[in-house]
Amino acid sequence: MTFTHKTLLAIAFGLLLPTAQAADGVAATVNGKPIKQSLMDFIIKDANTRGQKVDDNTRAVVLNKLISSELVLQEAQKQGLDKKPDYQAREELLRRELLVNTYIESYIKKNPVDEAVTKAEYEKFKKQLGDKEYNARHILVASEAEAKDIIAQLAKGGDFAKLAKEKTKDTGSKDKGGDLGWFPPTSMVKPFSDAVTRLQKGLYTTVPVQTQFGWHVIKLEDTRPLQVPAYDKIKSDLQKQVQQRNLEKMLNDLREKAKVVTN
């Protein structure tokens, strides 16, 4: 049986913090110290939530892991490891991470993304993609002079794919003669996409195109109508994008309200 990162964090805090004597069942005792039944129940519940089969054997495995952890915990405490500054700092960071993640999960649950918002996001996505996609090749070099030399060779009848295999710095397309496959303009950096959309089929750029990656010579092989993914196929990704923006806004709002002093 495997446990999620958050489940393990919960187990760690349940074991590393002093056990409170409360109205809680005891799953086992180790050297007189109890392992709470509620800790067992939490692990089983988490496993059920994730679709794992839970039977008597699973419960025995969980209890055995808790007992083993308790034994190591007690030994670590005997050696005073829980008093060391590095441990205490790590414990505090884990506690903060666990609580922050719990808050974020709660925030997302309380602020679901409305279907209308997701559909509006889809329409914006389609508009950004445009109505065409392009099939192009390119040759990427380090300097403008190299790019101009390649353009001169092409003007004399040089083969674009052959020159790409010989000279391009783009390892991803080198063996394919510079072929980038089909792509919408928005998937490329702007100087590159601007150059591609201005080209006519079968032609190449007669002026080198500069991007942050270097200097490009680009040839447009073909264009076709863009097939936008169906809404249902990307709905989940769109929801996550909206959720991320909502979380960023929430954090910005908290910062605006807070009095922060750095030393």
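Everything here concerns the structure above.
Residues numbered from 1 in each chain as written. Predicted model: local features only at pLDDT ≥ 70, side-chain atom pairs only at ≥ 80, totals over all residues. Heavy atoms only, no water.

Draft legend 1. Region of interest: the packing of helix H5 (residues 115–129) against helix H10 (residues 231–257). Put simply, H5 and H10 touch, their axes get as near as 9 Å, and they point 105° apart. Comparing their axes, H10 and H5 come out roughly perpendicular. For the pair H5 and H10, contact is made by Glu-115, Val-117, Thr-118, Lys-119, Glu-121, Tyr-122, Lys-124 and Phe-125 and by Tyr-231, Ile-234, Lys-235, Leu-238, Gln-239, Gln-241, Val-242 and Arg-245, respectively. When the residues that make up the contact of H5 with H10 are grouped by side-chain class, the tally is seven nonpolar, three polar and six charged. (Axes fitted to C-alpha atoms, helices over the stretch in contact; angles between N-to-C directions. Helix = DSSP H or I, 4+ residues; strand = E, 2+ residues; numbered from the N terminus. Parallel < 35°, antiparallel > 145°, perpendicular 65-115°, else oblique. Contact = heavy atoms within 4.5 Å. Nonpolar A, V, L, I, M, F, W, Y, C, P; charged D, E, K, R; others polar.)

Draft legend 2. Representation of the nonpolar core. Core analysis: the biggest nonpolar cluster contains 11 residues, these being Ile-139, Val-141, Ala-147, Ile-150, Ile-151, Leu-154, Phe-160, Leu-163, Ala-164, Trp-215 and Val-217. Secondary structure elements with two or more residues in this core: strand E3 (132–141), helix H6 (144–155), helix H7 (160–167) and strand E6 (214–225). For this core, the element with the most residues is H6, which contributes four residues. Those residues within four positions of Ala-164 in sequence are excluded, and the remaining contacts are His-138, Ile-139, Lys-174, Gly-177 and Gly-178. (Core = buried A, V, L, I, M, F, W, Y, C linked by side-chain atoms within 4.5 Å. Buried < 20%, exposed > 50% of the residue type's maximum accessible area, 1.4 Å probe, protein only.)

Draft legend 3. Geometry of the sheet that holds strand E4 (residues 179–183). Overall, antiparallel pairing links the four strands, which are arranged E4-E3-E6-E5 in an open sheet. Lying at the two open borders of the sheet, with one neighbouring strand each, are E4 and strand E5 (209–211). Each neighbouring strand pair of the sheet contributes to a mean axis angle of 40°, computed without reference to strand direction. Note: E3 against E4, three bridges, orientation antiparallel. Within the sheet, the bridge partner assigned to Asn-135 lies in E4 and is Trp-182. (Pairing = 2+ DSSP bridges.)

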